[in-house]
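# Structural characterization, general
Letter by letter, the chains look like this.
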Amino acid sequence: MAPLRIGVLGCADIARRRVLPAMAATAEVEIAAVASRDTDRARRLAQRYGARAVHGYAALLERDDVDAVYVPVPAALHARWTEAALRAGKHVLAEKPLSTDPRTTAELLALARASGLVLMENVMFVHHPQHETVRGWIDDGLIGEVRAFRAEFAVPRLPDQDIRHSADLGGGALLDTGVYPVRAALHLLGDGLRVLDAVLHTPPGRSVDTAGSALLSAPDGVGVQLTFGIDHAYGSRYEVWGSEGRLTVDRAFTPPADHRPVITLERRSGTERRELEPADQVLATVRAFAAAVTSGAHPDPRVLRQAELLSDIRQSAFHPAPA
């Protein structure tokens, strides 16, 4: 089959560093065009991949040599350009979060279904095989009945000019790093989660939250503790605690392609550390998107449930007064 011809809206850092190299490494897709408001910037990036440079996002959506688009623009613009791409008849791989509120997310998912187009949110870690290993161990009863789940994802302080410090562009820790632990809980515990309480911290001089935590509950009483931030020592892990043992995954959300994952299983009989083969979750995501287009897959309903939980966390959050 001919490769899926993808156009890229913008020259964002994640596109340049991670996603475009993965697209170039797989035969399932072709980087057909790169658009930017800065023609020279689009040309420099497009030349690396033998793609066409396009001035402006709207012009790229009008091209008949583009089957799908990748949307790595700031979070507040995801919905606008995802909708425009769908209405132009293009399949869409959009950076997370798909939008900044659940109502808009639901509308985009409905538009994709009605249009017969694939819409995928680019949450890449769910395509890494280490999480299926964890799920398999849980299903096999290696830790007994699940009692608690804890996940954390935080990154060091970002430069002041970073777009994730801008409220107008959809910045903040909840939408940037909070997505990961929320999605991990959904991925392993199902979509019946509900938010019990939360905290979001906005430091003096900032317009967005830079740290947060949330307490959730699953229908069977499993307690869920989530922590996230953009002003922390780096942390990327989750832990599933059961009646007979505990599973821990470090480097859970953004492991490099050459990383050899280690899953730790602690039980009364001892501790086992299973090392897995490296896997490129970015490449796996690109291939999953191409496969979804080929099969005509419907959007993942967990995208909407994730958006609802993020909104519930924000609405229920306590905001400590600045010191």
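Cut-off values and rules
- Residues numbered from 1 in each chain as written.
- Predicted model: local features only at pLDDT ≥ 70, side-chain atom pairs only at ≥ 80, totals over all residues.
- Heavy atoms only, no water.
- Phe/Tyr/Trp six-rings, centres within 6.5 Å; stacked < 30°, edge-to-face > 60°.
- Helix = DSSP H or I, 4+ residues; strand = E, 2+ residues; numbered from the N terminus.
- Buried < 20%, exposed > 50% of the residue type's maximum accessible area, 1.4 Å probe, protein only.
- Core = buried A, V, L, I, M, F, W, Y, C linked by side-chain atoms within 4.5 Å.
- Contact = heavy atoms within 4.5 Å.
- Expected span 1.5 Å × (residues − 1).
- Pairing = 2+ DSSP bridges.
- Axes fitted to C-alpha atoms, helices over the stretch in contact; angles between N-to-C directions.
- Right-handed = clockwise from strand over helix to strand, strands pointing away.
- Salt bridge = Lys/Arg side-chain N within 4 Å of Asp/Glu carboxyl O.

Another point: the packing of aromatic side chains. Applying the stated criterion to the full structure yields 9 aromatic pairs. Where Phe153 meets Tyr234, the ring centres are 6.2 Å apart and the plane angle is 85°; that geometry is what we call edge-to-face. Here the residue Phe153 occupies a position in strand β7 (residues 146-154), and Tyr234 occupies one in the loop between β10 (223-229) and β11 (235-242), the gap between them amounting to 81 residues. For Phe153, a relative accessible area of 5% puts it in the buried group. For Tyr234, a relative accessible area of 42% gives the class partly exposed. Ring geometry for Tyr238 against Phe253: centres 6.3 Å apart, planes inclined by 45°, an arrangement best described as tilted. On the criterion of sequence distance, the pair formed by Tyr238 in strand β11 and Phe253 in the loop between β12 (245-250) and β13 (262-267) is long-range, its members being 15 residues apart.

Right, let's talk about the nonpolar core for a bit. One broad rule of soluble globular proteins: the nonpolar side chains tend to lie buried together. Core analysis: the largest hydrophobic core is formed by 48 residues, its most contacted members being Phe149, Tyr238, Val240, Leu247 and Phe253. In terms of residues, this core owes the most to one element, helix α8 (residues 179-189), which gives 7 residues. Apart from residues lying up to four places away in sequence, Val240 is in contact with Ile138, Ile143, Val146, Ala148, Phe149, Leu188, Gly245, Arg246 and Leu247. Residues Ile31, Val34, Ala51 and Val282 belong to the second largest nonpolar core, which totals 27 residues.

Bringing the environment of Thr39 into the picture now. Within the secondary structure, Thr39 sits in helix α2 (residues 39-48). Spatially, the C-alpha atom of Thr39 lies 34 Å from that of Tyr180, the residues being 141 residues apart in sequence.

Here we come to helix α5 (residues 102-115). Since one α-helical turn is 3.6 residues long, residues separated by three or four positions face the same way. The end-to-end C-alpha distance of α5 is 20 Å, a good match for the 20 Å that 14 residues give at a rise of 1.5 Å each. Considered for burial, the residues of α5 that qualify are Pro102, Thr105, Leu108, Leu109, Leu111 and Ala112. Directly after α5, the chain includes Gly116, whose backbone phi takes a positive value near 70°.

Moving on, we come to the environment of Pro256. Here Pro256 is to be found in the loop between β12 and β13. Taking the relative accessible area as the measure of exposure, Pro256 reaches 33% and is therefore partly exposed. The contacts of Pro256, once residues within four sequence positions are left out, are Arg251 and Ala279.

The next point concerns the sheet that holds strand β2 (residues 29-36). The 6 strands lie next to each other as β3-β2-β1-β4-β5-β6, forming an open sheet whose pairing is parallel. Lying at the two open borders of the sheet, with one neighbouring strand each, are β3 (52-55) and β6 (119-122). Taken over all neighbouring pairs, the strand axes of this sheet differ in orientation by 25° on average, direction set aside. For β2 and β3, the ladder comprises 4 bridges, and the chain directions are parallel. Paired with Ser36 across the two strands is His55, which belongs to β3. The sheet strands contacting helix α1 (residues 13-24) are β1 (4-9), β2, β4 (68-71), β5 (91-95) and β6, and the helix crosses β4 at an angle near 150°. Of the strands in this sheet, β1, β2, β4, β5 and β6 are in contact with helix α9 (residues 281-295), which crosses β6 at around 170°.

It is worth spelling out the side chain of Asp176 at this point. Looking at where Asp176 falls in the secondary structure, it is placed in helix α7 (residues 173-176). Every residue in contact with Asp176, bar those within four places of it in the chain, is listed here: Lys96, Arg164 and Ile230.

Buried residues dominate β1, accounting for 5 of its 6 residues. The pairing of β1 with β2 spans 6 bridges and is classified as parallel. Bridge pairing links Gly7 to Ala33 in β2. In this fold, the crossover linking β1 to β2 by way of α1 has right-handed handedness. Sheet topology places β1 next to β4; 3 bridges connect them, and they run parallel. Its bridge partner lying in β4, Ile6 is registered against Ala68.

Counted according to the given criterion, the structure contains 27 salt bridges. Between Arg246 and Glu266 there is a salt bridge whose closest N-O contact spans 3.6 Å. Of this pair, Arg246 sits in strand β12 while Glu266 is found in strand β13, placing the two residues 20 residues apart along the sequence. Taking relative accessible area as the criterion, Arg246 reaches 23% and is therefore assigned partly exposed. We note a salt bridge from Arg260 to Glu275, for which the minimum N-O separation is 2.7 Å. Of this pair, Arg260 sits in the loop between β12 and β13 while Glu275 sits in strand β14 (residues 270-275), placing them 15 residues apart in sequence. A relative accessible area of 35% means that Arg260 is categorised as partly exposed. Classification of Glu275 by relative accessible area gives partly exposed; the value is 49%. When salt bridges with common partners are traced through the structure, they connect Lys96, Asp162, Arg164 and Asp176 into a single cluster.

Worth remembering: the numbers are spatial, not functional.
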